[in-house]
Amino acid sequence: MAEGVLRLEQFNPYLRTEAFRLLGRAKAALGDSAAACGAAESAAGEAAKANYAWLEMCALRDLLKYTAGGEGAAAES
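Quantities reported herein were computed from a predicted structural model and do not represent experimental measurements.

1. Topic: the pattern of salt bridges
Phase 1 of the analysis: The final tally for this structure, using the stated rule, is four salt bridges.
Phase 2 of the analysis: Among the ionic pairs, Glu-46 bridges to Arg-16, the shortest N-O distance being 3.1 Å. Of this pair, Glu-46 sits in helix 3 (residues 33–49) while Arg-16 sits in helix 2 (residues 13–29); the two residues are 30 residues apart in sequence, bridging distant segments of the chain. Neither residue differs from the other here; Glu-46 and Arg-16 are each classed as buried.
Phase 3 of the analysis: A salt bridge links Asp-62 to Arg-21; its shortest N-O distance comes to 2.7 Å. Of this pair, Asp-62 sits in helix 4 (residues 53–67) while Arg-21 is found in helix 2, placing the two residues 41 residues apart along the sequence. Here Asp-62 matches Arg-21 in class, with each residue buried.
Phase 4 of the analysis: Residues participating in the shared-partner salt-bridge network are Arg-16, Glu-46 and Lys-49.

This is the structure in structure tokens:
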């Protein structure tokens, strides 16, 4: 579903950011950490272009989780 939104929606950075974040969660749940990291980086890039600081922070937090192999939650505290 998220990939479909990304193909159809080219001009709404909020929807694109959230779709990339959702795609990252799905890829992480399937064990594909490289794809999850790529989706999180794309989400952060979309949010940064639109100056959505909160969404950019959320995407970077997701990236930390995916790169730390689940240890990101411990690093946040």
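Picking up where we left off.
2. Details of unusual backbone geometry
Phase 1 of the analysis: For Asn-51, which is not glycine, the phi dihedral falls at a positive 60°.
Phase 2 of the analysis: Assignment of secondary structure puts Asn-51 in the loop between helix 3 and helix 4.
Phase 3 of the analysis: Overall, Asn-51 belongs to the exposed group, its relative accessible area being 69%.

3. Some points on the confidence of the model for the chain
Phase 1 of the analysis: In the predicted model, the chain carries a mean pLDDT of 89, and 88% of its residues have values of at least 70.
Phase 2 of the analysis: Ignoring residues within four places in sequence, the model shows residues 72–77, a span with pLDDT below 50, making six contacts including any to other chains.

4. Considerations on the nonpolar core
Phase 1 of the analysis: By size, the foremost hydrophobic cluster in this structure holds nine residues: Ala-2, Leu-6, Ala-19, Phe-20, Leu-23, Ala-39, Ala-43, Ala-44 and Ala-59.
Phase 2 of the analysis: Listing elements by their share of this core, those giving two or more residues are helix 1 (2–8), helix 2 and helix 3.
Phase 3 of the analysis: Non-local contacts of Leu-23, meaning those with residues more than four positions away in its chain, are made with Ala-2, Glu-3, Leu-6 and Ala-39.
Phase 4 of the analysis: Of all hydrophobic cores here, the second largest spans five residues; its members include Ala-36, Cys-37, Ala-40 and Tyr-66.

5. Looking at a nonpolar patch on the surface
Phase 1 of the analysis: A cluster of nonpolar side chains, namely Tyr-14, Leu-15 and Tyr-52, defines an oily patch on the protein surface of about 270 Å² accessible area.
Phase 2 of the analysis: Structurally, Tyr-14 can be placed in helix 2.

Reading guide: rules and limits
- Residues numbered from 1 in each chain as written.
- Predicted model: local features only at pLDDT ≥ 70, side-chain atom pairs only at ≥ 80, totals over all residues.
- Heavy atoms only, no water.
- Salt bridge = Lys/Arg side-chain N within 4 Å of Asp/Glu carboxyl O.
- Helix = DSSP H or I, 4+ residues; strand = E, 2+ residues; numbered from the N terminus.
- Buried < 20%, exposed > 50% of the residue type's maximum accessible area, 1.4 Å probe, protein only.
- pLDDT = per-residue confidence, 0-100.
- Contact = heavy atoms within 4.5 Å.
- Core = buried A, V, L, I, M, F, W, Y, C linked by side-chain atoms within 4.5 Å.
- Patch = residues over 30% accessible without salt bridge, like charges linked within 9 Å, V, L, I, M, F, W, Y side chains within 5 Å.
- Areas by Shrake-Rupley, 256 points an atom, 1.4 Å probe, with all protein chains shown as cover.

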